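Below, each chain spelled out in residue letters.
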Amino acid sequence: MTTQLGAVSEERQRFYEEIETHSLSPLWQRLHALVPKTPATPAVPMKWDYDGVVRQHVFRAGDIVTAEEAERRVLILENPGLPGSASITHSLYAGLQLVKPGEIARAHRHSQSALRFVIEGCGAYTAVDGERTVMRPGDFVLTPSWRWHDHGNESNEPMVWLDGLDIPILSFFDAGFAETGGTLSQQEQRPVGDSTVRYGNNMLPVDWKPGDLASPILNYPYERSRETLDVLARSGDPDICHGHKLRFVNPASGGSPMPTIAAFIQLLPAGFSTAPYQSTDGAVFTVVEGEGESEIGGIRISWKPRDIFVAPSWHPVVHRCRTTATLFSFSDRAVQEKLGIWREARGNSGEKR
Ligand code: 1HN
């Protein structure tokens, strides 16, 4: 930083230019940017207004490109602070995918982990390693790393869901692999809904061992998350920072549903205002029910059902809502906790837990 060391003398400037030709660079010019006192992300708070702006473009994409041509017909939600990166935060990708009646998004697999959160429409399926799950609004669906997956819409209405992937994390590690399937859709190997019951009823088949780090459950239906939120809200006080908030879990480990992505759902009671909250995991939110606003790093964002917004790392977040609201969110907290770097600060004092 020139401010700390004063104006760069001609001698130093010549030195810097000379060493640059040998791929050398002076750390003292860059130390404070490399090791900031608090997280300094280039990502910015942003909202995508679904019904007012984004929906029409998603549907226009449906007029001009087929699902087959596109492989995945998706509009990427790119953070304006990270232009060209295809990222919504530094570590996460998000997009909106449209599958029209009769369409199939062909089978493929990749080392990136993905989640789907249904925004509109009802009745399309995602198949993962030979098991289909039928998707309804508010359902949280997994397609974990390296599992074959395809989507198809056998209903008579178009379906749109939010895709969340760890693409930037895999890209950071240069660890991405992908394969296209030999068939458009997978052969069905188990009945619809099998994994939600088999692994999601507080029991596990006695000698079953997980094959990888991801949850064996493919679909966490909204019906069940909403019922749980309701029970919490009826018989306990909301947390001052989160309202009533649940984390989705992998029943085999108690950890996050996928090793890189944590996911949450929260209920904010009507008229509730949260205390400021900061955490090192930038989060992507989508509104299922209710209307309100959030202040994220001093920027005010008003929201309504189906809107999507992003709170970048360490930006103080406050939510307020007029009506009872439910918000789904996902972040890279799962990775940060494994690495021992995740931090939060609750309330005005910025006190750490
Ligand atoms: C993917 O596999 C899907 O399966 C959606 O629906 C979006 C974005 C990048 C890479 C793979 C899907 C994706 C993706």
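Our subject is the structure listed above.
Bear in mind the structure is a predicted one, so any value in this text is a computation, not a measurement. (Residues numbered from 1 in each chain as written. Predicted model: local features only at pLDDT ≥ 70, side-chain atom pairs only at ≥ 80, totals over all residues. Heavy atoms only, no water.)

Peer 1: Sorry, what's going on with the pattern of salt bridges here?
Peer 2: Two side chains that carry opposite charge are able to pair once their charged atoms sit near each other. For the coordinates displayed, the defined rule picks out 21 salt bridges. The partner of Lys 304 in a salt bridge is Asp 49, with the nearest N and O atoms 2.8 Å apart. Taken together, the residues span a long stretch of sequence, with Lys 304 in the loop between strand S18 (299–303) and strand S19 (308–311) and Asp 49 in the loop between strand S1 (46–48) and helix H4 (50–64) at a distance of 255 residues. For Lys 304, a relative accessible area of 25% corresponds to the partly exposed category. For Arg 346, the salt bridge identified is with Asp 239, shortest N-O distance 3.0 Å. Remark: Asp 239 occurs in the loop between helix H8 (222–234) and strand S13 (244–247) and Arg 346 occurs in strand S22 (residues 344–346); sequence separation between them is 107 residues. (Salt bridge = Lys/Arg side-chain N within 4 Å of Asp/Glu carboxyl O. Helix = DSSP H or I, 4+ residues; strand = E, 2+ residues; numbered from the N terminus. Buried < 20%, exposed > 50% of the residue type's maximum accessible area, 1.4 Å probe, protein only.)

Peer 1: Teacher, can you tell me more about the sheet that holds strand S3 (residues 93–99) here?
Peer 2: Strand pairing in a sheet relies on backbone hydrogen bonds. The paired strands run either parallel or antiparallel. If you walk across this open sheet you meet the 6 strands as S2-S3-S10-S5-S8-S12, and the pairing is antiparallel. Strands with a single pairing partner mark the edges of an open sheet, and in this sheet they are strand S2 (74–76) and strand S12 (219–220). Where strand S8 (residues 140–143) lies against S12, 2 bridges are found, and the strand directions are antiparallel. Bridge assignment links Phe 140 to a residue of S12, and that residue is Tyr 220. (Pairing = 2+ DSSP bridges.)

Peer 1: I tried to follow the site of the ligand on my own but got confused; where do I start?
Peer 2: The full set of residues close to the ligand is Arg 72, Tyr 93, Gln 97, His 108, His 110, Arg 116, His 149, His 151, Asp 163, Leu 165 and Ile 167. Between the ligand and Arg 72 there is a distance of 2.7 Å, counted from an oxygen atom to a side-chain nitrogen or oxygen. At a separation of 2.6 Å, an oxygen atom of the ligand approaches a polar side-chain atom of His 108. A total of 330 Å² of accessible area belongs to the ligand in isolation, and the protein chains cover 84% of it. Counting residues per element, the ones that place at least two in the shell around the ligand are S3, strand S4 (104–110), strand S9 (149–152) and strand S10 (159–165). Here the residues of the shell around the ligand are counted per class, giving 3 nonpolar, 5 polar and 3 charged. (Near = heavy atom within 4 Å. Polar contact = N/O pair within 3.5 Å; in protein donor to acceptor, adjacent residues only side chain to side chain. Areas by Shrake-Rupley, 256 points an atom, 1.4 Å probe, with all protein chains shown as cover. Nonpolar A, V, L, I, M, F, W, Y, C, P; charged D, E, K, R; others polar.)

Peer 1: Just checking my understanding: could you explain the side chain of Thr 126 for this structure?
Peer 2: Along the chain, the position of Thr 126 falls in strand S6 (residues 125–128). Residue Thr 126 is classed as buried on the basis of its relative accessible area, which comes to 0%. There is a polar contact of 2.8 Å between the side chain of Thr 126 and the side chain of His 151. Among residues more than four places away in sequence, those in contact with Thr 126 are Glu 131, Arg 132, Thr 133, Met 135, Val 141, Thr 143, Asp 150 and His 151. (Contact = heavy atoms within 4.5 Å.)

Peer 1: What am I meant to see in the packing of aromatic side chains here?
Peer 2: Centre-to-centre distance and the angle between the planes together describe a pair of aromatic rings. Enumeration over the complete set of coordinates arrives at 13 aromatic pairs. Where Tyr 16 meets Trp 28, the ring centres are 6.1 Å apart and the plane angle is 55°; that geometry is what we call tilted. Taken together, the positions of Tyr 16 in helix H2 (residues 10–20) and Trp 28 in the loop between H2 and helix H3 (31–34) put the pair 12 residues apart, joining distant regions of the chain. Its relative accessible area of 9% is what places Tyr 16 among the buried residues. Of the residues examined, Trp 28 reaches a relative accessible area of 43% and is grouped as partly exposed. Judged by centre distance (4.8 Å) and plane angle (45°), the ring pair of Tyr 199 and Trp 208 falls under tilted. (Phe/Tyr/Trp six-rings, centres within 6.5 Å; stacked < 30°, edge-to-face > 60°.)

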